[in-house]
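# Fold and geometry: a report
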Amino acid sequence: QVQLVESGGGLVQPGGSLRLSCVASGFILDYYCIGWVRQAPGKEREGVSCISRSAGSTYYADSVKGRFTISRDNANNTVYLQMNSLKPEDTAVYYCATGPRHSWYGLGDFSSWGQGTQVTVSS
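A short tour of the structure in this document, coming up. (Residues numbered from 1 in each chain as written. Predicted model: local features only at pLDDT ≥ 70, side-chain atom pairs only at ≥ 80, totals over all residues. Heavy atoms only, no water.)

### Focus: the overall build of the protein chain
Rules: Helix numbering and strand numbering both begin at the N terminus, where a helix is a DSSP run of H or I of at least 4 residues and a strand a DSSP run of E of at least 2. Here the radius of gyration uses the C-alpha set of atoms, whereas the globule reference equals 2.2 Å times the residue count to the power 0.38. With a 1.4 Å probe rolled over the protein chains alone, any residue whose accessible area is under 20% of its type maximum counts as buried; one over 50% counts as exposed, and the rest are partly exposed. Any pair of residues with heavy atoms lying within 4.5 Å of one another is described as a contacting pair.
When helices and strands are counted, the protein chain shows zero helices and eleven strands. Relative to its length of 123 residues, the protein chain is compact, with a C-alpha radius of gyration of 13 Å against a globular reference of 14 Å. Projecting the C-alpha coordinates of the protein chain onto the three principal axes gives extents of approximately 40 × 30 × 25 Å. Burial statistics for the protein chain: of 123 residues in total, 44% are counted as buried. In the protein chain, 55% of the contacts between residues at least 6 apart in sequence involve partners at least 24 apart.

This is the structure:
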């Protein structure tokens, strides 16, 4: 049983920054990726970023490259998403998730989900 708990969302002005955290508990396969998926009303689900639990390799959606940075603290079972230069189109509910890396490409199902945290970018 896996539990994922997100935090750090909120309201920020365009160009601002937020840092999301995800604390994971339970068993997660070593080859799984862990990271963030976002969902905005009227838009398709988007795999934002993930980091491999074994190798530490990262994935970023084209829409966030150069602005978002994912990191992990394996000792504390925590994953962070530093979001800089935020844009209104980044507004969404952000979910921590686990699953095969290809799930972030839209090519597979995620295994676990958190409850989500709202990120709103507005002036």
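### Thoughts on the environment of Glu-89
Tracing the backbone shows Glu-89 in the loop between strand E8 (78-83) and strand E9 (92-99). We classify Glu-89 as partly exposed; its relative accessible area is 45%. Taking C-alpha positions, Glu-89 is 18 Å from Trp-104, a pair spaced 15 residues apart along the chain. If we skip the residues at most four places from it in the chain, Glu-89 touches Arg-38 and Lys-43.

### Things to note about the state of the cysteines
So the rule is basically this: Cysteine sulfur atoms are paired as a disulfide whenever they come within 2.5 Å of each other.
For the structure on display, the rule yields two disulfides. With a sulfur-sulfur separation of 2.0 Å, Cys-33 is cross-linked through a disulfide to Cys-50. On the S-S bond that ties Cys-33 to Cys-50, the torsion sits near 85°, and the link is right-handed. Residue Cys-33 is located in strand E4 (residues 33-39), and its partner Cys-50 is located in strand E5 (residues 46-52); the two are separated by 17 residues in the primary sequence. When sorted by exposure, Cys-33 lands in the same class as Cys-50, which is buried.

### So, the side chain of Asp-90
Position of Asp-90 among the secondary structure elements: in the loop between E8 and E9. Not counting the four nearest positions on each side in its chain, Asp-90 is found in contact with Arg-38, Arg-67, Phe-68, Ser-85, Val-119 and Val-121.

### What to know about the pattern of salt bridges
To keep things clear, this is the line we draw: The term salt bridge refers to a pairing of a side-chain nitrogen on Lys or Arg with a carboxyl oxygen on Asp or Glu at a separation within 4 Å.
This model, assessed by the stated rule, comprises four salt bridges. With a closest N to O distance of 3.1 Å, Lys-65 and Asp-62 form a salt bridge. When the shortest N-O distance is used, the salt bridge between Arg-67 and Asp-90 registers 2.7 Å. Here Arg-67 is found in the loop between strand E6 (58-60) and strand E7 (68-73), whereas its partner Asp-90 is found in the loop between E8 and E9, with 23 residues between them in sequence. The buried category is assigned to Arg-67, whose relative accessible area is 11%. Classification of Asp-90 as buried rests on a relative accessible area of 1%. Residues joined by salt bridges that share partners form a network here, namely Arg-38, Glu-46, Arg-67 and Asp-90.

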